[in-house]
Amino acid sequence: MNPNRPTDSLPAPGADALAQSEALCATIRARIAAAGGWLPFDRYMELALYAPGLGYYSGGAMKFGRRAEDGSDFITAPELSPLFAATLARPVAQALQQSGTRRLMEFGAGTGKLAAGLLTALAEMNVDIDSYEIVELSGELRDRQRATIDARAGALAGKVQWLDALPEAFEGVAIGNEVLDAMPVRLVVRKLGAWHERGVVALNDGFAFEDRAIEPDAHVELIDAAIEDELSADYVTETHEAALGFTKTVCTMITRGAAFFTDYGFPRREFYHAQRATGTLMCHYRHRAHADPFLYPGLQDITAHVEFSGIAEAGVEAGADLLGFTSQARFLMNSGITDVLGAFDPSDVKRFLPAANAVQKLLSEAEMGELFKVIAFSRGIDGTVDAFAVGDRSHTL
Ligand SMILES: C[S@@+](CC[C@H](N)C(=O)[O-])C[C@H]1O[C@@H](n2cnc3c(N)ncnc32)[C@H](O)[C@@H]1O
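In this text the structure is predicted, and so the values were computed from the model without any measurement.

Asker: I would appreciate a short explanation of the site of the ligand in the present structure.
Answerer: Neighbouring the ligand are 18 residues; Tyr 50, Thr 76, Gly 108, Glu 136 and Asn 177 lie closest to it. A distance of 2.7 Å separates an oxygen atom of the ligand from a polar side-chain atom of Asn 177. In the complex, the protein chains occlude 94% of the 600 Å² of accessible area that the ligand would expose alone. By residue class, the composition of the shell around the ligand is 12 nonpolar, four polar and two charged.

Asker: Whenever I open this one, the pairing of strand β6 (residues 186-191) confuses me. Can you help?
Answerer: A regular strand places its side chains so that they alternate between the two faces of the sheet. Here β6 lies mainly inside the structure; five of its six residues are buried. Bridging between β6 and strand β9 (residues 235-239) involves five bridges; their strand directions are antiparallel. If you follow Arg 190 over to β9, its bridge partner there is Tyr 235. The hairpin turn running from β6 into strand β7 (residues 194-203), its antiparallel successor, is two residues long, and Leu 192 in that turn takes a positive phi close to 45°.

Asker: Got a minute to help me understand the sheet that holds strand β13 (residues 301-303) in this structure?
Answerer: Strand pairing within a sheet occurs via backbone hydrogen bonds; the two strands may be parallel or antiparallel. If you trace the three strands from one edge of the open sheet to the other, you get β12-β11-β13, paired in antiparallel fashion. Both edges of this open sheet fall to β12 (288-290) and β13, since each of them pairs with a single strand only. Sheet twist, expressed as the mean angle between neighbouring strand axes with direction ignored, is 25°. Pairing analysis gives three bridges linking strand β11 (residues 282-285) to β13, with the strands arranged antiparallel. Bridged to His 284 within β13 is Asp 301.

Asker: I would appreciate a short explanation of the environment of Ala 30 in the present structure.
Answerer: Within the secondary structure, Ala 30 sits in helix α1 (residues 15-34). Relative accessible area serves as the criterion here: at 45%, Ala 30 is assigned to the partly exposed category. C-alpha separation for the pair Ala 30 and Ala 202, spaced 172 residues apart in sequence, amounts to 9.6 Å.

Asker: I keep staring at the environment of Leu 203 and nothing clicks. Help me out?
Answerer: Within the secondary structure layout, Leu 203 lies in strand β7. Spatially, the C-alpha atoms of Leu 203 and Glu 69 are 32 Å apart, while their sequence positions differ by 134 residues. Those residues in contact with Leu 203 that lie beyond four places of it in its chain are Arg 29 and Ala 208.

Asker: Explanation requested: the pattern of salt bridges in the structure shown.
Answerer: For the structure shown, the criterion picks out 22 salt bridges. Residues Arg 146 and Asp 143 are paired through a salt bridge, measuring 3.7 Å at the closest nitrogen-oxygen approach. With Arg 146 and Asp 143 both in helix α6 (residues 139-153) and three residues apart, this pair spans about one turn of that helix. Judged by relative accessible area, which is 38%, Arg 146 ranks as partly exposed. Overlapping salt bridges bring together Arg 186, Glu 197, Asp 217 and Glu 241 as one network.

Asker: What is the right way to look at the environment of Asp 211 in this model?
Answerer: Counting through the fold element by element, Asp 211 comes out in strand β8 (residues 206-213). For the pair formed by Asp 211 and Glu 367, sequence separation is 156 residues and the distance between their alpha carbons is 34 Å. The residues contacting Asp 211, other than those within four sequence positions of it, are Val 189, Lys 191, His 196, Glu 197 and Arg 198. Engagement of the side chain of Asp 211 in a polar contact is seen with the side chain of Lys 191, the distance being 2.9 Å. A polar contact is formed between the side chain of Asp 211 and the side chain of Arg 198, at a distance of 2.8 Å.

Asker: When you look at the nonpolar core in this model, what are you seeing that I'm missing?
Answerer: Soluble globular proteins tend to bury their nonpolar side chains together. By size, the foremost hydrophobic cluster in this structure holds 54 residues, and its most contacted members are Tyr 132, Ile 149 and Phe 260. Per-element tally for this core: the top contributor is helix α4 (residues 82-99), with nine residues.

Asker: Would you mind going over the packing of helix α5 (residues 113-124) against α6 with me for this structure?
Answerer: The axes of two packed helices give the description: the angle between them and the distance between them. One way to put it is that α5 packs onto α6 with a least axis distance of 8 Å and a crossing angle of 30°. By the angle class used here, α5 and α6 are roughly parallel. Considering the relative orientation of α5 and α6, their crossing is right-handed. Between α5 and α6, the residues in contact are Lys 113, Ala 115, Ala 116, Leu 119 and Thr 120 and Thr 148, Ile 149, Arg 152 and Ala 153, respectively.

Criteria and cut-off values
Residues numbered from 1 in each chain as written. Predicted model: local features only at pLDDT ≥ 70, side-chain atom pairs only at ≥ 80, totals over all residues. Heavy atoms only, no water. Near = heavy atom within 4 Å. Polar contact = N/O pair within 3.5 Å; in protein donor to acceptor, adjacent residues only side chain to side chain. Areas by Shrake-Rupley, 256 points an atom, 1.4 Å probe, with all protein chains shown as cover. Nonpolar A, V, L, I, M, F, W, Y, C, P; charged D, E, K, R; others polar. Buried < 20%, exposed > 50% of the residue type's maximum accessible area, 1.4 Å probe, protein only. Helix = DSSP H or I, 4+ residues; strand = E, 2+ residues; numbered from the N terminus. Pairing = 2+ DSSP bridges. Axes fitted to C-alpha atoms, helices over the stretch in contact; angles between N-to-C directions. Contact = heavy atoms within 4.5 Å. Salt bridge = Lys/Arg side-chain N within 4 Å of Asp/Glu carboxyl O. Core = buried A, V, L, I, M, F, W, Y, C linked by side-chain atoms within 4.5 Å. Parallel < 35°, antiparallel > 145°, perpendicular 65-115°, else oblique. Left-handed = near helix turned anticlockwise from the far one by under 90°.

Set out below in structure tokens:
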């Protein structure tokens, strides 16, 4: 039994969902057997989230929503309130204007609410774009996105297209909300000063972790340097090869324009800290967070926090400029979220109160305001955008 398994009762999945999870487990077992009985954790996570038709993001799970009763597991900023998209539209418009480009690209577009919100907000600001290109791994989500955008963005939906792969070159502005945290991570463990990689083995009734000794590579050496030798206890953490590779690819692809990534995480010094000794791997099932990645494979989200110093280095290595790095609260305030809220009539309590509550959640230090950060890269843009004008924390990376 995994000691991290939530002991209190979680809502049980329905029969169809359980059958899908069983089918995914059979696929994972076959992969473990083919790999000689042990699979690195990042390979397990990739299958659990993205195995065609069966993984959490590629299968039929509801995923995004407000309440467990809806069958959803977590909520993201664009799902929480249309004010997120309406505010993000401002720095996006500025980056389009400063780079003289007219295309948008979104990675992992969820239900399509951010796309619909950006399209309508930009149109209201009289910012004309040629296309809104969505890169989405999940066929099921593509269908949901199409339906949302058709329903919410009217004729602007005609500008949206779905790409099967990233183009070699792109002139425009790219965005990704909570995409980097959804990329597979490697788990590494330091025990009595010796490094191990944490992998997955099959049991009769599920899966379990098994650690194998490794020679420290460049990623592990960075961690060693950050946490120093003050540790006698085990130290478990993640390395983020997939997110780093993705950032490099995106920053190489953008020949002119910018990329904005919003996500939860920390700069390296804070991430690889002696006190963060159990890592940041986290699972979400029916709005409950827990640490057992082997619970209902394919039916729950698995995620890890983003290590933003590595992301910044990857983008700069690919030839992009770091446009800025700051907290979500600071980014949204600099972008004028209070003006956007100001457009709501406070006497219209039914509309105003939910909007004001959402702004509070997006900005509050105790909720999404401080843990979530925005990092942005640019190429061919002089200066910065107003969203980073006050409180830029690039120096902390
Ligand atoms: C936590 S969800 C966030 C969805 C949405 N952006 C939101 O904020 O509601 C993560 C998304 O990232 C997508 N994703 C993961 N890896 C990706 C990749 N390499 N390229 C594009 N999308 C990716 C997933 O398919 C999923 O849609």
